[in-house]
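# Analysis of the macromolecular model
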Amino acid sequence: MTSSAQGSDQGSRQGSDQVSDGPDRSAAPPRPTANAMRRALKRARDGVALDVTEAAVLLQARGEDLEDLCASAARVRDAGLEAAGRPGVITYSKSVFIPLTRLCRDKCHYCTFVTVPGKLRRAGHGMFMSPDEVLAIARRGAELGCKEALITLGDKPEERWPEAREWLEAEGYDDTIAYVRAIAIRILEETGLLPHLNPGVLSWTDFQRLKPVAPSMGMMLETTAERLWSEPGGPHYGSPDKEPAVRLRVLEDAGRSSVPFTSGLLIGIGETYEERADSLFALRRVSRAYHGVQELILQNFRAKPDTAMRGMPDAELDELVATVAVARHLMGPSACLQAPPNLVDEEYGRLIRAGIDDWGGVSPLTPDHVNPERPWPQIDTLAEHSATEGFRLHERLAVYPEFVRRGEPWLDPRLLPHVTALADPATGLAREDAAVTGRPWQEPDEGFVATGRTDLHRTIDTEGRTADRRDDFDEVYGDWAELREAAAPGMVPSRLDADVRQALSQAADDPTKLTDDEALALLHADGPALDALCRIADDLRRATVGDAVTYIVTRNINFTNVCYTGCRFCAFAQRRTDADAYTLSLSQVADRAQQAWDVGAVEVCMQGGIHPDLPGTAYFDIARAVKERVPGMHVHAFSPMEVVNGATRTGLSLREWLTEAKAAGLDTLPGTAAEILDDEVRWILTKGKLPTATWVEVIKTAHELGIRTSSTMMYGHVDQPRHWLGHLRLLADIQRSALAKGVEGFTEFVTLPFIHTNAPVYLAGIARPGPTTRDNRAVTAMARILLHPHITNIQTSWVKLGTEGAAEMLRSGANDLGGTLMEETISRMAGSSYGSYRSLQDLVGIAELAGRPARPRTTTYGTVPAERQAAALASDGHLPELLPVVE
């Protein structure tokens, strides 16, 4: 593809008061000294890692120095091609360019791609291309052998232009992303072209919506020079989507979502050499962290008439060549580097000698709508120029061959038939003679078929797990070295010197008036101060909910552990090919619910991995299967991550999906997938799980629909007490909001101490070995105090703490022991040594150890019917040892 930076997801000066020739470049920076250049060139030749200063020096190489730099860069490129199994090959993608809309909310000062509604109307065009217009281009492209549909558009036009919003509403789309998704599906089904999407700035949720319909996406970083965005007269001034931090966040979210992603730089728009070098290092950091950058486009600025930057000089070819060569040295041999061939005045050889290995998208049908004055070269011409330099031109797909060969999780199962129909299985490149025809876009056929180690819930206690880690440990979780640096502050919990006595006094008098400083002091309490804190929390517990310790007769049903999300704390997730992987059938889920009902359960708690083959409606099927078999069973199921997965897979909004789930039998949601509700910690713990804001959105939406949830916090890894405080404050705010709307919201808060033993983040030497006893007591006590009076039930975890530990938490402010569970694999796979179930007698014994009575409860802390209590007492709340598990 060619995600050209001078347009695509950019805006123009339309509607802008700023009209300038761009940043002043009249004062040329001093040239580097000859010694500095010689030293940097030698380091490049020797393959020594370059720093930002050296890269900035090399960006200024000219003449013989530039030839020297290019020669070493070309050697790096050639080594990469050799390692990839395609020596001497330069690739391109045969594509069609589809400008889905030329409206945009941004106002970039160099762009001619973007226009305004009035001009579109006068030219007889709609605000968006219609499906018929899109498909006409795509069909003609397929006839010509094209395999990529490059879908380019402006950023969020409906947020600036009422006409765009009205068009989307009239056509039945909630937003531009919904229309992009629908168009991509039609292209797949009706033409067979592979969509490559350039919709501009995307959120994490947007990536989840679009990943099932496109094998690759892209957005140019352009530059990390914030002043070019923030200062009047800058090329990006007035363009909210061009803030460098926002664009870097998009690149990271693409990596977290395992989306093969294209990015790159636009050079010569006023940045300094140091800023250009910094931009390349930023791209390298993201690429190393997530291994998801499939190519970098290095594009030279070309001034255009009728733009604010029309008088700014073009970036010289030497600048582009030097940037390509430096990028090759920084990104390494495996990186794919592209320079658009229609912007270099046929100087193809210089770019090849500088280290590129790709020409981007070239269309035999459509113009480059971003640079219409620069027609694509003929493919035969590209082949000839490549051959002159000793390279063979070969077609690739929109998604690069490395990602075709990687497969899951980079390619959604619904796209696999479309990609494999066009790809050479040996190389991952395009089969140039492949028939480009439409194919159904649908869920995989397997659905709920029992596979793998379906007895893991029993054998985890007798046989254990097959190995302590997956064999893709070094690749699947991202770059451990990068994470180790980010996690360093949390490896040794900080200590705080503060006036604990005043804070204790305030907590005892009125906990609702604790300041953040006082609360933080209490979270750091130890020794006698900690004992006093726990007594205050226990007194508050007694005054709020009484002395009875509650518990629930429940069964955990983890219906699959196949998951590719990449949570670094999780030892439960497996690839489908791993020895410990399993998926239950719907009948097995229903059978387990029936077995639980027979021994007195009032609830099943059902959660699973994000299995790529399970459709978004699978969750409805699971809830319905339980309700049909056991109508009286309370279905407590599906974490916020599973809710988002279901919604994005079905194309429904969160509200629509939760409404459907409720109709299918869902009663309440577990508030898991929270971990720590602070993205600073969150992105160390997990590669691809939902961000904090999305977790909050799911929970609030559920509450508004009358679906109550629990709330949780997993602590004791790379976090600090300040993160605990922020997490608890946020939960209290959410509950206050729910109560203000007249809905009940959270049922409880559950403390989840981190189990480190088999957790990847611990095995990699990044996380602490779980919380200390001090941490557990402080968190439990402060949860009682900080959540008062909004969340009144505080649950401790016998699974993670054992009998003595759970009893201690009951003396520190907790009032609930959770459930009998009957089976538990998540904590056990992580290395918990406290078993998979507790009998009623066991739970009563923990309460007695704390000096308290015990009573059963329902999910929402109501009274358990007498019939259920009798059934539970008869079985002691657990499954008979010889009860068969239906296979």
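See the structure printed just above.
## A word on the overall build of the chain
Secondary structure summary: the chain contains 35 helices and 20 strands in total. For the chain, contacts bridging at least 24 residues in sequence account for 79% of all contacts bridging at least 6.

## Here we look at the packing of helix α24 (residues 618-629) against helix α26 (residues 654-664)
As a packed pair, α24 and α26 sit with axes 8 Å apart at the nearest point and diverge in direction by 20°. In terms of orientation, α24 and α26 fall into the roughly parallel class. Handedness of the crossing formed by α24 with α26: right-handed. Across from Tyr619, Phe620, Ala623, Arg624 and Lys627 in α24, the residues of α26 making contact are Trp657, Glu660, Ala661 and Ala664. A breakdown of the residues in the contact of α24 with α26 according to their chemical character gives 6 nonpolar, no polar and 3 charged.

## Structural notes on empty space enclosed by the protein
Tallying each qualifying case throughout the model produces 5 cavities of 30 Å³ or more. Size it by volume and the second largest cavity reaches roughly 350 Å³. The wall of the second largest cavity is formed by 23 residues, among which Gln208, Lys211, Ile610, Asn645 and Arg649 lie closest to the centre. Those elements that place two or more of their residues in the lining of the second largest cavity are α8 (204-210) and α25 (640-650). The element that contributes the greatest number of residues to the lining of the second largest cavity is α25, accounting for 5 residues.

## Topic: the pattern of salt bridges
Where charged atoms from two side chains of opposite charge approach closely, those side chains can pair. Under the criterion given, the structure shown has 59 salt bridges. When the shortest N-O distance is used, the salt bridge between arginine 624 and aspartate 621 registers 3.4 Å. Residue arginine 624 and its partner aspartate 621 are both found in helix α24; the two are separated by 3 residues, about one turn of the helix. The partly exposed category is assigned to arginine 624, whose relative accessible area is 34%. Connected through shared salt-bridge partners, Arg105, Asp155, Lys156, Glu159 and Asp241 make up one network.

## A word on the environment of aspartate 278
Mapped onto the elements of the fold, aspartate 278 is located in helix α11 (residues 273-290). Taking C-alpha positions, aspartate 278 is 8.4 Å from alanine 225, a pair spaced 53 residues apart along the chain. Each residue touching aspartate 278, except ones within four places of it in the same chain, is listed here: Val52 and Thr224. At a separation of 2.6 Å, a polar atom in the side chain of aspartate 278 contacts the side chain of threonine 224.

## Looking at α11
Its 18 residues place the ends of α11 26 Å apart at the C-alpha level, agreeing with the 26 Å of an ideal helix rising 1.5 Å per residue. In terms of burial, α11 is a largely internal element, 14 of the 18 residues being buried.

## Thoughts on the packing of α11 against helix α12 (residues 317-331)
Running from N to C, α11 and α12 cross one another at 35°; their axes reach a closest spacing of 10 Å. Pair α11 / α12 crosses with right-handed handedness. Here Tyr273, Arg276, Leu280, Phe281, Leu283, Arg284, Ser287 and Arg288 of α11 lie close against α12, whose contacting residues are Glu319, Thr323, Val326, Ala327, Leu330 and Met331. Of the residues belonging to the contact of α11 with α12, the class tally is 8 nonpolar, 2 polar and 4 charged.

## Concerning the sheet that holds strand β14 (residues 603-607)
Pairing is parallel across the open sheet formed by 3 strands, whose spatial order is β12-β14-β15. Bordering the open sheet on either side are β12 (554-558) and β15 (634-637), each of which pairs with just one other strand. Going across the sheet, the axis of each strand differs from the next one's by a mean of 25°, ignoring polarity. Both β12 and β14 contribute to a ladder of 5 bridges, which runs parallel. What sits directly across from asparagine 556, in β14, is cysteine 605. Where helix α23 (residues 586-598) meets the sheet, its contacts fall on β12 and β14, and the angle it forms with β12 comes to roughly 165°. Seen against the sheet, α24 touches β14 and β15 and runs at an angle of roughly 160° to β15.

## Structural notes on unusual backbone geometry
The step from glutamate 408 to proline 409 runs through a cis peptide bond, and the omega angle for that step is 0°. Summarising the element assignment, proline 409 is placed in the loop between α15 (401-406) and α16 (416-420). Residue proline 789 is reached from histidine 788 by a cis peptide bond, and omega for that bond is 0°. Structurally, the position occupied by proline 789 is in the loop between α31 (773-786) and β18 (794-795). For alanine 673, which is not glycine, the phi dihedral falls at a positive 65°. Of note, alanine 673 is situated in the loop between α26 and α27 (679-685). Judged by its relative accessible area of 5%, alanine 673 is buried.

## What to know about the pairing of strand β16 (residues 709-715)
When you tally the buried positions in β16, you get 7 out of 7 residues, the bulk of the element. Every second residue of β16 is oriented toward a common face, with Thr709, Ser711, Met713 and Tyr715 on one face and Ser710, Thr712 and Met714 on the other, all of them buried. One crossover worth recording links β16 to the parallel strand β17 (residues 746-753) by way of helix α29 (residues 721-740), and it is right-handed.

## Thoughts on the layout of surface pockets
Counted as a void, the largest pocket has a volume near 540 Å³. Around the largest pocket, the lining is made up of 31 residues, and of these Met331, Ser334, Ala335, Cys336 and Glu402 lie nearest the centre. Elements that contribute at least two residues to the lining of the largest pocket include exactly α3 (64-84), α11, β6 (293-300), α12 and α15. Classifying every residue of the lining of the largest pocket by side-chain character gives 14 nonpolar, 7 polar and 10 charged.

## Digging into the side chain of threonine 224
By the element assignment, threonine 224 lies in the loop between β4 (216-218) and α9 (227-230). With near-sequence residues (within four places) excluded, threonine 224 lies in contact with Pro244, Leu248, Glu275, Asp278, Ser279 and Ala282.

## Some thoughts on helix α1 (residues 34-45)
It helps to recall that an α-helix has 3.6 residues per turn; residues three or four apart then point in one direction. Counted at 1.5 Å a residue, the expected span for α1 with its 12 residues is 16 Å, and the 16 Å between its end C-alpha atoms agrees. Looking only at α1, the buried set comprises Ala36, Met37, Ala40, Leu41 and Ala44. Looking down the long axis of α1, one finds its buried residues gathered within 125° of arc, a one-sided arrangement. Opposite the buried face of α1, by more than 90 degrees, sit the exposed residues Arg38 and Arg39. A positive backbone phi angle near 75° is found at glycine 47, which sits one or two residues after α1.

## Notes on the packing of aromatic side chains
Two aromatic rings are characterised by how far apart their centres lie and by the angle between their planes. The final tally for this structure, using the stated rule, is 14 aromatic pairs. With centroids separated by 5.1 Å and ring planes inclined at 70°, the aromatic side chains of phenylalanine 403 and tryptophan 410 adopt a geometry described as edge-to-face. The exposure classification of phenylalanine 403 matches that of tryptophan 410, with both residues buried. Relative to tryptophan 657, the ring of phenylalanine 620 lies with its centre 5.1 Å away and its plane at 35°, an arrangement referred to as tilted. Of this pair, phenylalanine 620 sits in helix α24 while tryptophan 657 sits in helix α26; the two residues are 37 residues apart in sequence, bridging distant segments of the chain.

## Some details on the environment of alanine 84
Residue position: alanine 84 is located in helix α3. Judged by relative accessible area, alanine 84 falls into the partly exposed class, the value being 30%.

Criteria and thresholds
- Residues numbered from 1 in each chain as written.
- Predicted model: local features only at pLDDT ≥ 70, side-chain atom pairs only at ≥ 80, totals over all residues.
- Heavy atoms only, no water.
- Helix = DSSP H or I, 4+ residues; strand = E, 2+ residues; numbered from the N terminus.
- Contact = heavy atoms within 4.5 Å.
- Axes fitted to C-alpha atoms, helices over the stretch in contact; angles between N-to-C directions.
- Parallel < 35°, antiparallel > 145°, perpendicular 65-115°, else oblique.
- Left-handed = near helix turned anticlockwise from the far one by under 90°.
- Nonpolar A, V, L, I, M, F, W, Y, C, P; charged D, E, K, R; others polar.
- 1 Å grid on protein atoms, 1.4 Å probe; cavity = no way out; pocket = protein on both sides within 12 Å on 5 of 7 lines; lining within 4 Å.
- Points joined across faces, edges and corners; volume = space filled by probe spheres on them.
- Salt bridge = Lys/Arg side-chain N within 4 Å of Asp/Glu carboxyl O.
- Buried < 20%, exposed > 50% of the residue type's maximum accessible area, 1.4 Å probe, protein only.
- Polar contact = N/O pair within 3.5 Å; in protein donor to acceptor, adjacent residues only side chain to side chain.
- Expected span 1.5 Å × (residues − 1).
- Pairing = 2+ DSSP bridges.
- Right-handed = clockwise from strand over helix to strand, strands pointing away.
- Arc of directions from axis to C-beta.
- Phe/Tyr/Trp six-rings, centres within 6.5 Å; stacked < 30°, edge-to-face > 60°.

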